[in-house]
Amino acid sequence: MDNKTLLKQAMEARKHAHCPYSRFPVGAALLCADGTVYTGVNVENAVNSLSICAERVALFNAISAGKHDFVKLAVVCKAAYCRPCGACRQVLHEHAPDLKIVMGSSQGTYKSTTISNLLPEAFSL
Ligand code: THU
């Protein structure tokens, strides 16, 4: 699946972000090796530390459906370009060290990289 198509799915998902505190909606779409796509949005809580990012929601959504092989994740927000936070980088790297990352803007432009580029020397046990 090409980057633009995956980004579109992230943009579509982003409409469902639950972000009453930050008013900063984020959408993510994760492409699995079998061609399926799982999306996620940020879901915030009044207790700030209980909020979760769109990238991890997409990953956990896919894992919950029994998926374990991941190819590419697109993430979109209003920033140019939407860069996954450090916590998401660590979690994504553990499940998919070869993952491609497409960092999009709400204008439809994007930059592509890899999780190992975003998190060199990642922690593992
Ligand atoms: N957020 C994400 O969903 N992904 C990131 O990689 C960084 C930040 C969310 C968390 C919070 O709901 C909002 O963006 C503002 O920080």
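Use the structure listed above.
Below is a summary of the structure that appears in this document. (Residues numbered from 1 in each chain as written. Predicted model: local features only at pLDDT ≥ 70, side-chain atom pairs only at ≥ 80, totals over all residues. Heavy atoms only, no water.)

Points about the sheet that holds strand S5 (residues 110-114)
Let me state the cut-off plainly: Here, any two strands with at least 2 DSSP bridges between them count as paired. Note on conventions: DSSP H or I runs of at least 4 residues are helices, E runs of at least 2 residues are strands, and numbering of each starts at the N terminus. Every angle, taken between N-to-C directions, lies between 0 and 180 degrees, and every axis is a line fitted to C-alpha atoms, over only the stretch in contact when it is a helix.
If you walk across this open sheet you meet the 5 strands as S2-S1-S3-S4-S5, and the pairing is mixed. Either end of the sheet is taken by a strand with one partner, and the two such strands are strand S2 (37-41) and S5. In this sheet, adjacent strand axes meet at a mean angle of 20 degrees when their direction is disregarded. Here 6 bridges tie strand S1 (residues 27-32) to strand S3 (residues 70-77), and the two strands are oriented antiparallel to one another. Of the residues in S3, the one forming a bridge with Gly-27 is Val-76.

With respect to the state of the cysteines
The line we're drawing: By disulfide we mean two sulfur atoms from cysteines, separated by a distance within 2.5 Å. Residue burial is assigned from relative accessible area. The probe radius is 1.4 Å, only protein chains are included, and a residue is buried under 20% of its type maximum, exposed over 50%, and partly exposed in between.
Under the definition given, this model contains 0 disulfides. Residue Cys-32 stays outside any disulfide, its sulfur separated by 16 Å from that of Cys-88, the closest cysteine. Overall, the relative accessible area of 2% leaves Cys-32 in the buried class. No disulfide involves Cys-85; its sulfur sits 3.7 Å from the nearest other cysteine sulfur, which is in Cys-88.

Regarding the site of the ligand
The condition that has to hold: When we say a residue is near a molecule or strand, we mean one of its heavy atoms is within 4 Å of it. Polar contacts, as counted here, are pairs of nitrogen or oxygen atoms within 3.5 Å of one another; within protein the pair requires one atom able to donate a hydrogen and one able to accept it, and residues that are adjacent in sequence qualify only if both atoms are side-chain atoms. Note that accessible areas follow from Shrake-Rupley with a 1.4 Å probe, and for residues the cover is restricted to the protein chains shown.
The local shell around the ligand consists of Ser-22, Phe-24, Val-26, Asn-42, Glu-44, Cys-53, Ala-54, Glu-55, Arg-83, Pro-84 and Cys-85. Asn-42 is positioned such that a nitrogen or oxygen atom in its side chain is 2.9 Å from an oxygen atom of the ligand. A distance of 3.0 Å is found between an oxygen atom of the ligand and a backbone nitrogen or oxygen belonging to Ala-54. Calculation on the ligand without its partners gives an accessible area of 370 Å², and the protein chains cover 76% of this total.

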